[in-house]
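Working through the structure, step by step
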Amino acid sequence: MSWTDERVELLKKMWGEGQSASQIAKELGGVTRNAVIGKVHRLGLSNRTTTAAKTPEAKEKPPAPAPKAAAPKPKPQPKTEPARPQTPEPATAEARPNLPARKQIIPAGQPLPPQPSANEISPEALAKVNEVEKKAKKLGLMELTERTCKWPVGDPATEDFWFCGLPVQQGKPYCEAHVGVAFQPMSTRRDRKR
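Residues numbered from 1 in each chain as written. Predicted model: local features only at pLDDT ≥ 70, side-chain atom pairs only at ≥ 80, totals over all residues. Heavy atoms only, no water.

Looking at the packing of aromatic side chains
One pass over the structure, following the stated rule, counts two aromatic pairs. Aromatic side chains W151 and Y174 sit 5.1 Å apart centroid to centroid with 75° between the ring planes, which places their arrangement in the edge-to-face category. Highlighted residues: W151 in the loop between helix 6 (123–135) and strand 1 (152–153) and Y174 in the loop between strand 2 (162–163) and helix 7 (176–182), separated in sequence by 23 residues. As far as the burial class goes, W151 and Y174 line up, both buried. Look at F161 and F163: their rings are 5.2 Å apart centre to centre, the planes differ by 75°, and that puts the pair in the edge-to-face class. Take F163: its relative accessible area is 11%, and that puts it in the buried class. (Phe/Tyr/Trp six-rings, centres within 6.5 Å; stacked < 30°, edge-to-face > 60°. Helix = DSSP H or I, 4+ residues; strand = E, 2+ residues; numbered from the N terminus. Buried < 20%, exposed > 50% of the residue type's maximum accessible area, 1.4 Å probe, protein only.)

A few points about helix 6
A rise of 1.5 Å per residue sets the reference length of helix 6, with its 13 residues, at 18 Å; its end C-alpha atoms lie 19 Å apart and thus fit the reference within 8%. When helix 6 is considered as a whole, its buried residues turn out to be A125, V129, V132 and E133. In an axial view of helix 6, the angular spread of the buried residues amounts to 100°, which keeps them on one side of the axis. Relative to its buried face, helix 6 has exposed residues pointing more than 90 degrees away, namely P123, E124, K134 and K135. Packed against the buried residues of helix 6 are strand 1, strand 2 and helix 7. (Expected span 1.5 Å × (residues − 1). Arc of directions from axis to C-beta. Contact = heavy atoms within 4.5 Å.)

Some words on the pattern of salt bridges
In total, this model carries two salt bridges according to the counting rule given. Between E131 and K134 there is a salt bridge whose closest N-O contact spans 3.5 Å. Here K134 and E131 lie together in helix 6, a separation of three residues that amounts to about one turn. Of the residues examined, K134 reaches a relative accessible area of 64% and is grouped as exposed. (Salt bridge = Lys/Arg side-chain N within 4 Å of Asp/Glu carboxyl O.)

Everything listed here is a matter of geometry and, on its own, says nothing about what the molecule does.
Below, the structure is given as structure tokens:
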């Protein structure tokens, strides 16, 4: 179907009369409602506030002015106790789940604050990690393999950042010393929280 001059004129006329795109498509035949909407848009026809088709009777009748009503006189109120201020009802547990507080987001390029878990590691484990990090290979990200320890050391935003790189413990991503820090026994973690 092509948009001939006659069909475009009929579209403009019906659109101006307030007919819907579906009604126009049905009248024209061979076009969809969306095709009519697209053509109306391309022609730059005005947007209408109402989408309902207007009947000829509705067009001819001007809207009736609303009758002005006299303001009713307020009735005297019987005396009652003074109104108590309303207090909001406490939120129920069902309405508001108890979620943990969100941690502050630190923008990239700023040093990370000390992590609480680092302060809770046993002194023996820290001593072992410090000794291992002296012997570490200090690999960059692109040098890591499945057989190298992926324990990060330093601040990622600085040039001094590196990964351990020592041989990993079987089935783990870290070397023996870093596995001891990363994978602590459950009882140790439970005792720390108390």
